[in-house]
Amino acid sequence: MTYDPVARVRRFNRAVTSEVGALDTSFLGRGRPLGAARVLNSIGRGQSDVAVIRDYLGLDSGLMSRLLRSLEEEGLIETVPNPQDARRRVARLTEIGRCEFQAYEALSNAQAKSFLTRHRRPDELLRAMDIVASSLRREQIVIEEKDPRHEDASYCLREYYGELARRFEKGFEVSLSRDPDAKDMIRPRGAFLVAMSDGLPIGCVGLKGNGGEVAEIKRLWVAPSARGLGLARRLMTAAENIARELSIKLLRLDTNSALPEATQLYRGTGWSEIDRFNDDPYPDTFFEKRL
């Protein structure tokens, strides 16, 4: 017997709303509902523009105004005109608000740890959560340019190397590969892009340049939880756009036949297969694209 997929989704929704206290009038026992707590959390995490917070949380203007007013009346926040644009408003925590934000952080962390300890295979639970979060928040995934030595970039690269080691028949050792220097993936030579989902890195790609008109695409990776969302294509498009900004005329890349999804992506987005152009021991297929 196969149960109705819609019924399974609705069961999941009921379980989550009940477990996280979405219907409680006092979320995590702090005396205010989830909506107000989420606004406070957003401000505490560095978002200040009221319109940006409203869009991020998916709230209408009326509800956002009521939630801000309630937090102001409690003395937790203050809102003032944006110094760069008087038509917009920014919110910031008061001293009391910062204490309340920290209280929520401690309670939320404890709740998350409790979720994981109740499952015999917490890694599987986390993987399932990552898939759901990436899918539901796909419209909020942003691509940011970062130093390739930044911790978010380093995380992506470690995951990328680990996946190659698992998928390549003879493994993968980065010291044997033509690993690009960081300076070659920083403007004005190149760039390194990281896809971020709600503060977590879930994908990357590097543009390796030398100051001339030819550059390479390197280290394209998307987390398993975010595959199937078109993110690899978005990363490639973003890298190509930066290449144009840097007056790069020709892009090249290499890949391995053990990564057929990568080869399919390149062939489907205007890349042409060419002869080998480097002595890297790992790739066996080579492409280029004129911009």
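Attention in this report is confined to the structure presented alongside it. (Residues numbered from 1 in each chain as written. Predicted model: local features only at pLDDT ≥ 70, side-chain atom pairs only at ≥ 80, totals over all residues. Heavy atoms only, no water.)

Some thoughts on the packing of aromatic side chains
Here is the rule: Side-chain rings of Phe, Tyr and Trp, where Trp is taken by its six-membered ring, are said to pair if the distance between their centres is within 6.5 Å; with planes under 30 degrees apart they count as stacked, over 60 as edge-to-face, and otherwise as tilted. Think of it in three bands: with a 1.4 Å probe and only protein chains considered, a residue is buried below 20% of the maximum accessible area for its type, exposed above 50%, and partly exposed in between.
Applying the stated criterion across every chain yields a total of nine aromatic pairs. Between F277 and F286, the ring centres sit 5.4 Å apart and the planes meet at 75°, which makes this aromatic pair edge-to-face. For F286, a relative accessible area of 4% translates into the label buried. Of the aromatic side chains, those joined through ring pairs into one cluster are Y160, Y161, F168, F172 and Y282.

Considerations on the sheet that holds strand β4 (residues 191-197)
Which entries qualify depends on this criterion: We call two strands paired when DSSP finds no fewer than two bridges between them. Numbering of helices and strands starts at the N terminus; helices are DSSP runs of H or I of at least 4 residues and strands are runs of E of at least 2. Where helices are involved, their axes are fitted lines through C-alpha atoms of the stretch in contact, as for all axes, and angles between N-to-C directions lie from 0 to 180°. Residue contacts are defined here by distance: any two heavy atoms, one from each residue, within 4.5 Å place the two residues in contact.
The seven strands are arranged β3-β4-β5-β6-β7-β9-β8 in an open sheet whose pairing can be described as mixed. Each of the sheet's edge strands pairs with one partner strand only, and the pair in question is β3 (142-145) and β8 (272-274). Ignoring which end each strand starts from, the neighbouring axes of this sheet average 30° apart. Bridge analysis of strand β7 (residues 250-255) against strand β9 (residues 285-290) gives six bridges, and the strand direction is antiparallel. Residue L250 lies in a different strand from β9, and its bridge partner there is R290. Strand contacts of helix α9 (residues 260-268): β6 (214-222), β7, β8 and β9, with the helix running at about 155° to β7, the strand carrying the most contacts.

Points about α9
Helical periodicity: at 3.6 residues per turn, an α-helix aligns residues three or four positions apart in one direction. What counts is decided by this rule: By arc we mean the arc of the directions from the helix axis to the C-beta atoms, nothing more.
If you check which residues of α9 are buried, you get A262, T263, L265 and Y266. Buried residues along α9 cover an arc of 160° about the axis, so they all sit on one side. Exposed side chains of α9 directed beyond 90 degrees from the buried face belong to Q264 and G268. Packing partners of the buried residues in α9 comprise β6, α8 (231-245), β7 and β9.

Digging into the side chain of E105
Topologically, E105 is positioned in helix α5 (residues 95-117). The exposure class assigned to E105 is buried, which follows from its relative accessible area of 16%. Residues in contact with E105, not counting those within four places in the same chain, are N41 and R45.

Focus: unusual backbone geometry
A cis amide bond links R187 with the next residue in sequence, P188, at an omega value of 10°. Position of P188 relative to the elements: it lies in the loop between α7 (151-167) and β4. For L28, which is not a glycine, the phi torsion comes out positive at approximately 55°. Along the chain, L28 falls in the loop between α1 (5-20) and α2 (34-44). For L28, a relative accessible area of 23% corresponds to the partly exposed category. Of note in the backbone geometry, S247 takes a positive phi value of approximately 65° without being a glycine. By secondary structure assignment, the location of S247 is in the loop between α8 and β7. Exposure remark for S247: the relative accessible area of 44% places this residue in the partly exposed category.

Details of a positive patch on the surface
Stated precisely, the cut-off is as follows: Exposure above 30% relative accessible area and the absence of a salt bridge qualify a residue for a patch, where like charges join within 9 Å and nonpolar side chains (Val, Leu, Ile, Met, Phe, Trp, Tyr) within 5 Å. Each accessible area is a Shrake-Rupley result for a 1.4 Å probe, and residues are judged covered by the shown protein chains and nothing else. Only one rule defines a salt bridge in this text: a Lys or Arg side-chain nitrogen within 4 Å of an Asp or Glu carboxyl oxygen. Asp and Glu are treated as the negative residues and Lys and Arg as the positive ones, with His and the ends of the chain left uncounted. Charge placement uses NZ in Lys and CZ in Arg. For Asp and Glu, CG and CD serve respectively.
A grouping of R8, R10, R11 and R14 is seen on the molecular surface, where their side chains present a positively charged patch. Residue placement: R10 occurs in helix α1. Residue R10 is classed as exposed on the basis of its relative accessible area of 53%.

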